[in-house]
Amino acid sequence: MTTYDVAVIGIGGVGSSALYHLAKSGARVIGLDRFAPPHSLGSSHGQTRVIRMAYFEHPDYVPLLRQSYQAWYELEAASGRTLYFPTGVLQIGPESGEVIAGVRKSAEQHQLAIDSFSHEEISKAFPGLVPPENCVGLLERNAGYLLVSECIDAYLKLAVQLGAEMATNCPVHAWDKEADEFVLQTASGPTHAKQLVVCGGAWAQQLLADLNVPLTIFRKQLYWFDNQVPHYTTEASFPVFLFETAHGIYYGFPQIDAQGVKLARHDGGETIASAQAHSQTEDIADRQSVEEFVQTCMPQLSRNLTRHAACMYTMTPDQHFLVGSHPEQSGLHFAAGLSGHGFKFASALGQILCDLATTGQTASPIGFLSPNRFS
């Protein structure tokens, strides 16, 4: 019987990073997943994810983003792959809205460079965009997108090269703490480990139920629209974009391949009871909302759909992450409830979970993400 130093449950976005960093640290580690990552059955898929530093959600994320950027660069160097594309991120909304006010606050507090555009200047600088009235734009040039599945694949391949083991298509049904080790009951028999790291995505609702933090799962829709004009392409230096409008918050990416322009709605979504209830079924009302945004704000983009996908957001009550060590179960560490904006942090969160599992502490500023805030 093998007893691992650490077992990682869920090896998608954050879990693959944790597996890599643990293997790199010299720990004997195994990663377990109910599917075979990278896959399209959870939260970390759909071609691309936004990465940005001037964080409108809260300035406290910026130090973690600095760590994340550095760790993504290190992954690119270690894997020999290009995973981050600095297209810039253009955020548009009313001056007093959540997005613009939040970006300015983070940029001012952390001395981040952003370029400002008036309503009239947006359309001149970015042909093909028609911003709503009374909106301004903020461009963060050192921002862009990550190739999500390629990031996971790179972490997993490197982890295995460093000696990590993986058990895929292997759900973890339960675990017990026996003396000084965890015993995981899995589809292929028990797994023993001294430390446990949980990165279960939407399954954290069940895996970490004893934290007593309500986690709500939303099924979110992703769309790719055919594009026949040059404005919306990377060749034209079109940026990743996010619009805060009176009808919702919409975001998207420049065209990077034949699938066209990827678009989605950040707010809204369909509440589902559990991760098992997730499906790829299209939400007609959501699609109509996105198409109305396209017609109004990107009128030169076709409404012909080339691809559709669905993923899950796992939301905490305040829409901030849960990261840390379990307050009552020694040796149990987790990253959960990433609330639809967590993938860009996966590189740093994996490092942090490695620190917690191997030393019991981390120098990274994660106190504001502790589940104790809900006590």
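Residues numbered from 1 in each chain as written. Predicted model: local features only at pLDDT ≥ 70, side-chain atom pairs only at ≥ 80, totals over all residues. Heavy atoms only, no water.

(A) Layout of the side chain of Gln-47. Its place among the elements puts Gln-47 in the loop between β2 (29–32) and β3 (48–51). Residue Gln-47 is classed as buried on the basis of its relative accessible area, which comes to 15%. A polar side-chain atom of Gln-47 sits 2.8 Å from a polar atom in the side chain of Trp-224. (Helix = DSSP H or I, 4+ residues; strand = E, 2+ residues; numbered from the N terminus. Buried < 20%, exposed > 50% of the residue type's maximum accessible area, 1.4 Å probe, protein only. Polar contact = N/O pair within 3.5 Å; in protein donor to acceptor, adjacent residues only side chain to side chain.)

(B) Representation of the packing of aromatic side chains in the model. For the coordinates displayed, the defined rule picks out 23 aromatic pairs. Among the aromatic side chains, those forming a connected cluster through ring pairs are Tyr-232, Phe-238, Phe-241, Phe-243, Tyr-250 and Phe-293. Of note, Arg-307 hangs over the ring of Trp-224, and the distance from its end group to the ring centre comes to 4.1 Å. (Phe/Tyr/Trp six-rings, centres within 6.5 Å; stacked < 30°, edge-to-face > 60°. Lys NZ or Arg CZ within 6 Å of the ring centre and 35° of its normal.)

(C) Summary view of empty space enclosed by the protein. All chains considered together, the criterion is met by 2 cavities of 30 Å³ or more. Taken together, Gln-47, Thr-48, Tyr-145, Phe-253, Pro-254, Ile-256, Gly-260 and Lys-262 form the lining of the second largest cavity. For the lining of the second largest cavity, the per-class residue count stands at 4 nonpolar, 3 polar and 1 charged. (1 Å grid on protein atoms, 1.4 Å probe; cavity = no way out; pocket = protein on both sides within 12 Å on 5 of 7 lines; lining within 4 Å. Points joined across faces, edges and corners; volume = space filled by probe spheres on them. Nonpolar A, V, L, I, M, F, W, Y, C, P; charged D, E, K, R; others polar.)

(D) Quick peek at helix α2 (residues 62–79). Between its terminal C-alpha atoms α2 stretches 25 Å, which fits the 26 Å expected from 18 residues at 1.5 Å a residue. Lining the buried residues of α2 we find β3, β4 (84–85), α3 (98–110), β8 (144–147), α5 (148–161) and α8 (346–359). At the C-terminal side of α2, Gly-80 shows a positive phi close to 70°. (Expected span 1.5 Å × (residues − 1). Contact = heavy atoms within 4.5 Å.)

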